[in-house]
Amino acid sequence: YGDSIDKEIVFKASRYDKGDPAYLNCPMNKNDYIHFRNELIIGEQANLFLDEGIVVFFGDNAPEELQDFAVIHKLEQISGEIVVGTKISLSDSNLEVVSVGPVANENFKNLGHLVLKLDSSTEEAQLGDVRCTFDNKPNLSIGDNLRINN
C-alpha cells in the first residue's frame with residue numbers, strides 16, 4: 001500500500017521531534033479526519049460476505065482482526081429485543097426477521113455484534129444469527145443507517 005501514499009501531503013517525522021523520523025504524519029482538519037474515519041467503517045471483505053447473503057456487524061471496539069469482514073458501527077446503548085417480525089432498514093433494503101438465535105440479542109447489546117443472514121429461510125437461526133427476508137439485497141455504502149424497529 002505504500003505506493004498509494006501521496007508524498008506531497010504525508011511526511012516522515014519523529015515522535016515529539018525526538019530521534020529519527022519513523023512515523024508517517026497525515027495532516028488533516030476535522031472534516032478530513034471524519035471522512036478518513038468513515039472510510040474505515042466497512043471492512044474490505046464485508047461485501048464478499050454480503051455476496052453470500054451475510055452481513056456481520058461489530059461495535060467500534062471490535063478487535064482489528066474482525067474489522068476486515070464486518071460493518072463497524074458506533075456502539076451505543078441498545079434497548080429492546082430483536083424478535084420474529086422485527087423490521088430492519090439497512091441501506092436501501094427493508095428486512096423482516098423470521099428467526100433469532102438464542103444469543104443474538106445478548107451479543108448485539110454487549111458487543112454490538114449482529115449477524116444478519118439474508119436467506120429468507122424460516123429454519124431456526126444458529127446461536128448468534130438473525131435470519132431475515134428482504135425486498136432487495138442491501139448495497140452497503142459508507143454512512144448508511146441501520147434501523148431496527150419492533
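Above this text is the structure in question.
Below you will find a few notes about this structure.

Overall, mixed pairing links the seven strands, which are arranged 4-3-7-8-6-5-9 in an open sheet. The open sheet has two edge strands, strand 4 (71-73) and strand 9 (146-149), and neither has a second partner. The average angle at which neighbouring strand axes cross in this sheet is 30°, direction not considered.

Turning to the packing of aromatic side chains, a few remarks are in order. Under the definition given, this model contains one aromatic pair. Note on F49 and F69: the rings are 5.2 Å apart at their centroids and 20° apart in plane angle, and the pair reads as stacked. Placement of F49 in helix 2 (residues 46-51) and of F69 in the loop between helix 3 (64-67) and strand 4 is noted, with a sequence separation of 20 residues between them. Accessibility expressed as a relative area gives 29% for F49, which makes it partly exposed.

The next subject is the nonpolar core. Formed by 19 residues in total, the largest nonpolar core has its most connected members in V55, L116, V130 and C132. Contributions of two or more residues to this core are made by helix 2, strand 3 (54-59), strand 5 (87-90), strand 6 (93-100), helix 4 (104-111), strand 7 (114-117) and strand 8 (129-134). Ignoring any residue separated from it by four or fewer positions in sequence, one finds V130 in contact with I82, V97, S99, V100, A104, L114, V115, L116 and K117. In this structure, F58, A62, A70 and I72 belong to the second largest nonpolar core, which totals five residues.

Right, let's get into the side chain of K117. Checked against the element boundaries, K117 lands in strand 7. Judged by its relative accessible area of 16%, K117 falls in the buried class. Engagement of the side chain of K117 in a polar contact is seen with the side chain of D129, the distance being 2.8 Å.

Our next topic: the environment of I42. For I42, the location among the structural elements is in the loop between helix 1 (30-39) and helix 2. Taking relative accessible area as the criterion, I42 reaches 18% and is therefore assigned buried. When the C-alpha positions of I42 and N139 are compared, they lie 12 Å apart, and in sequence the two are 97 residues distant. Beyond its immediate stretch of four places on either side in the chain, I42 contacts A70, L140, S141 and I142.

Each value, and the rule that gives it
All residue numbers refer to position in the chain's written sequence, counted from 1. A pLDDT threshold of at least 70 governs which residues receive local features in this predicted model, and a stricter bar of 80 or more applies before side-chain atom pairs are shown or counted, although totals over entire chains, interfaces and linings include all residues. Note: side-chain values were computed over all heavy atoms of the structure, leaving out hydrogens and water. Note: two strands are recorded as paired if DSSP finds a minimum of 2 bridges between them. Elements are defined by DSSP. Helices are runs of H or I of four residues or more, strands are runs of E of two residues or more, and each kind is numbered from the N terminus. Throughout, an axis means a line fitted to C-alpha atoms (over the contacting stretch in the case of helices), and angles, computed between N-to-C directions, take values from 0 to 180 degrees. Pairing of aromatic rings covers Phe, Tyr and Trp, the last through its six-membered ring, and needs centres within 6.5 Å; plane angles under 30 degrees mean stacked, over 60 mean edge-to-face, and all others mean tilted. Burial status follows relative accessibility: with a 1.4 Å probe on protein chains alone, a residue under 20% of its type maximum counts as buried, one over 50% as exposed, and anything between as partly exposed. Here, nonpolar core refers to any group of buried Ala, Val, Leu, Ile, Met, Phe, Trp, Tyr and Cys residues whose side-chain atoms link them within 4.5 Å. Contact between two residues is taken to exist if any of their heavy atoms lie within 4.5 Å; hydrogens are not considered. What qualifies as a polar contact is a pair of N or O atoms within 3.5 Å, subject to a donor-acceptor requirement within protein and to the restriction that residues adjacent in sequence count only when both atoms come from side chains.

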